[in-house]
There are 2 protein chains.
Amino acid sequence: MVELGVLRVLTLDDPEEVALHGRLVERHYPHVSTLSRCIPDHPDGIPNAAAEADALPHIEALGREMATEVDALCVSCALDPGVEALGDALDVPVVGAGASVAAVASARGDRVGTLGLENGAGSSIRHLLGDRLAAEEVVEGAATTNYFTTDEGRAAIRAAVDRLVDAGCDVVAPSCTGISSSGAIPDVRADVPIPIVDPVVAMGAVATTAVAPPRPLRQ
Amino acid sequence: MVELGVLRVLTLDDPEEVALHGRLVERHYPHVSTLSRCIPDHPDGIPNAAAEADALPHIEALGREMATEVDALCVSCALDPGVEALGDALDVPVVGAGASVAAVASARGDRVGTLGLENGAGSSIRHLLGDRLAAEEVVEGAATTNYFTTDEGRAAIRAAVDRLVDAGCDVVAPSCTGISSSGAIPDVRADVPIPIVDPVVAMGAVATTAVAPPRPLRQ
């Protein structure tokens, strides 16, 4: 088995909720088992720069703890908070959901549309996409990540994806992992003509490339 | 199981050799089974633009045939030949090794070094990397992909990676899938301080994000 750490930046009480992103990775990659933990004191996740600054010491401390138990560490937030610092500090690969969704979307299309909270996509995604960033949409009403798991939130995700299609995008890169949590992606995919990359699955995909396969390679 | 088609642009007689890239994907992703086929008349692969032009009709015809049997089609060449045309024509996702290795490398570092045949990296990789392309190296003596599977070729791969490290790269994106075939990547990884992305594994990773998981998602 490959062991991946999944660090959540949204404070949740229910261990099943904490493990939601890890379970999504495991569904896509059945040879992966995940260890999920969340930072304290952030029940609204990281909706803005002030919250990100406040969360960073928690992320770095938790990441250091988790790294001792996993083959690679995944920071399950599209802002990639702490990824660079943890990557420099740790012996295991560190992967962020933001760079991962931007990367996978870049491999699948030329005109990428982002889709996130009302305050827009993070700098990690913008930086990686460069001039492939064709359009940015926000999910109306999404002040924090928790909105995505409401019925209104899921409907608003669908409406925002439709706007990205109308804008000529050929792939969607959700810029908040709350869109994975919403459960809306499989349904929206069935209805729209362009790929929608799941940021949590993309993070798992990139992380698995960084870890040796479960069995030795046949020569 | 997820069924991936692996289209080889190197003409090989031995079915085990044809299946080599598919087997590498299966090792990394045990829930994947692969169907591998190769184009005719290209025993040296695609070492230059003339060979690419000559190969394209074969690639597009073979891709159309394979697509009826798979969940996604992978063109296992870092030039991504035919990927755009097949993507437009087919109902299944089409993924190329070039865009995939460039994308995964972009998610893992800022200063990407490419590593390929003596005539350099393909336009697909250069285009995707943009200003993340920090250095380009070629494997000395590698006029065609077959050189990578010789002992001299493997030693030359190692020497070229060392030059990319010296040039300040923080990740290596091999720009020829023959470097996967060489079997050298695991050994070189153990010796160098920066990640080396396997282009065939990266292709598998990107392809798996495009296919629904084997079992339905738990809601």
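These numbers were taken from a predicted model, which means no experiment stands behind them. (Residues numbered from 1 in each chain as written. Chains lettered and ligands numbered in written order. Predicted model: local features only at pLDDT ≥ 70, side-chain atom pairs only at ≥ 80, totals over all residues. Heavy atoms only, no water.)

Observations regarding the relation of the copies chain A and chain B
Move 1: Rotating chain A by 180 degrees and moving it 0.0 Å along the rotation axis overlays it on chain B with an RMSD of 0.0 Å. Both copies of the chain, as the preceding transformation shows, are related through a two-fold rotation axis. The rotation axis passes nearest to the C-alpha of A:Ala103 in chain A, at a distance of 2.3 Å. (Least-squares fit on C-alpha atoms with pLDDT ≥ 70 in both.)

Looking at the sheet that holds strand β4 (residues 94-96) of chain A
The strands making up a sheet are joined through hydrogen bonds of the backbone, oriented either antiparallel or parallel.
Residues and elements named next belong to chain A.
Move 1: Across the sheet, 4 strands lie side by side as β2-β1-β3-β4; this open sheet has parallel pairing. Each of the sheet's edge strands pairs with one partner strand only, and the pair in question is β2 (32-38) and β4. Taken over all neighbouring pairs, the strand axes of this sheet differ in orientation by 25 degrees on average, direction set aside.
Move 2: Examined bridge by bridge, strand β1 (residues 2-8) and β2 share 7 bridges and lie parallel to one another. Directly across from Leu7, in β2, lies its bridge partner Arg37. (Pairing = 2+ DSSP bridges. Helix = DSSP H or I, 4+ residues; strand = E, 2+ residues; numbered from the N terminus. Axes fitted to C-alpha atoms, helices over the stretch in contact; angles between N-to-C directions.)

Looking at the sheet that holds strand β6 (residues 133-138) of chain B
Residue and element names in this part refer to chain B.
Move 1: Spatial strand order, β6-β5-β7: 3 strands in an open sheet with parallel pairing. Unpaired on one side and paired on the other, β6 and β7 (171-174) mark the two borders of the sheet. Here the strands of the sheet are splayed against their neighbours by 25 degrees on average, with no regard to which way each runs.
Move 2: Sheet topology places strand β5 (residues 112-116) next to β7; 4 bridges connect them, and they run parallel. Bridging across to β7, Leu115 finds its partner in Pro174.
Move 3: Packed onto the sheet, helix α7 (residues 151-166) meets β5, β6 and β7 and runs at close to 155 degrees relative to β6. (Contact = heavy atoms within 4.5 Å.)

A few points about the packing of helix α5 (residues 97-108) of chain A against helix α10 (residues 199-209) of chain A
Residue and element names in this part refer to chain A.
Move 1: Interaxial distance between α5 and α10 falls to 8 Å at its minimum, and their mutual angle equals 90 degrees. Taken as axis vectors, α5 and α10 run roughly perpendicular relative to one another. Residues Ala97, Ser100, Val101 and Val104 of α5 form the contact with α10, whose own contacting residues are Pro199, Ala202, Met203 and Val206.
Move 2: Here the residues of the contact of α5 with α10 are counted per class, giving 7 nonpolar, 1 polar and no charged. (Parallel < 35°, antiparallel > 145°, perpendicular 65-115°, else oblique. Nonpolar A, V, L, I, M, F, W, Y, C, P; charged D, E, K, R; others polar.)

Side note on helix α3 (residues 49-67) of chain B
All names here are of chain B.
Move 1: If you check α3, its first and last C-alpha atoms are 26 Å apart, about what 19 residues at 1.5 Å a residue would give, namely 27 Å.
Move 2: Taking the largest bend as the criterion, α3 deviates by roughly 40 degrees, centred on Ala55, and proline Pro57 comes between one and four positions later.
Move 3: Here α3 has its buried residues at Ala51, Ala55, Ile59, Leu62, Gly63, Met66 and Ala67.
Move 4: Lining the buried residues of α3 we find β1 (2-8), β2 (32-38), β3 (72-75) and α4 (83-89).
Move 5: A distance of 3.2 Å separates the backbone nitrogen of Ala50 from a side-chain oxygen at the start of α3, and that oxygen is part of Asn48. (Expected span 1.5 Å × (residues − 1). Bend = angle between axes of the 7 residues up to and from the residue. Buried < 20%, exposed > 50% of the residue type's maximum accessible area, 1.4 Å probe, protein only. Polar contact = N/O pair within 3.5 Å; in protein donor to acceptor, adjacent residues only side chain to side chain.)

Considerations on the pattern of salt bridges
Move 1: Per the stated rule, a full pass over the model turns up 18 salt bridges over all chains.
Move 2: Notably, a salt bridge pairs A:Arg163 with A:Glu137, separated by 2.8 Å at the nearest N-O pair. A residue pair is termed long-range when its members are at least 10 positions apart, and A:Arg163 in helix α7 (residues 151-166) and A:Glu137 in strand β6 (residues 133-138) qualify at 26 residues.
Move 3: A:Arg163 sits in the partly exposed class, given a relative accessible area of 27%.
Move 4: Two residues, B:Asp191 and B:Arg158, come together in a salt bridge whose shortest N-O distance is 2.9 Å. Here B:Arg158 lies in helix α7 and B:Asp191 lies in helix α9 (residues 185-191), a separation of 33 residues in the sequence.
Move 5: What makes B:Arg158 partly exposed here is its relative accessible area of 28%.
Move 6: What emerges from the salt-bridge pattern is a single network uniting A:Arg158, A:Asp162 and A:Asp191. (Salt bridge = Lys/Arg side-chain N within 4 Å of Asp/Glu carboxyl O.)

Some details on the domain arrangement of chain A
Residue and element names in this part refer to chain A.
Move 1: The domain boundaries assigned to chain A delineate domain 1 (2-97 + 204-209) and domain 2 (98-197).
Move 2: Here the C-alpha centre of domain 2 lies 20 Å away from the C-alpha centre of domain 1.
Move 3: With 19 residues of domain 1 in contact, the opposing surface of domain 2 contributes 18 residues.
Move 4: For the domain 1 face of the interface with domain 2, the top three residues by lost area are Pro47, Ala78 and Ala97, together amounting to 34%.
Move 5: There are 0 salt bridges connecting domain 1 and domain 2. (Domains from an automatic or database assignment. Buried area = accessible area lost by both parts, 1.4 Å probe.)

So, the side chain of B:Ser76
Move 1: You can see B:Ser76 is positioned in the loop between β3 and α4.
Move 2: In this structure B:Ser76 touches B:Val6, B:Leu7, B:Arg8, B:His21, B:Ala97, B:Thr177, B:Val200 and B:Met203, once residues within four positions along its chain are discounted.

Some details on the interface of chain A and chain B
Move 1: Facing the 38 residues of chain A at the interface are 38 residues of chain B.
Move 2: Where chain A touches chain B, the interface holds 0 salt bridges.
Move 3: Remark: the boundary between chain A and chain B carries 8 residue pairs in polar contact (both at pLDDT 80 or more).
Move 4: Only α2 (20-28), α5, α6 (123-129), α9 (185-191) and α10 of chain A provide two or more residues apiece to the side of chain A that touches chain B.
Move 5: Per element, the largest residue contribution to the side of chain A that touches chain B is 7 residues, and it comes from α5(A).

Looking at the pairing of β6(B)
Residues and elements named next belong to chain B.
Move 1: Of the strand pairs in this sheet, β5 and β6 are connected by 5 bridges, and their pairing is parallel. When the sheet's bridge partners are listed, Gly113 is paired in β6 with Ala135.
Move 2: Handedness of the β5-helix α6 (residues 123-129)-β6 crossover: right-handed. (Right-handed = clockwise from strand over helix to strand, strands pointing away.)

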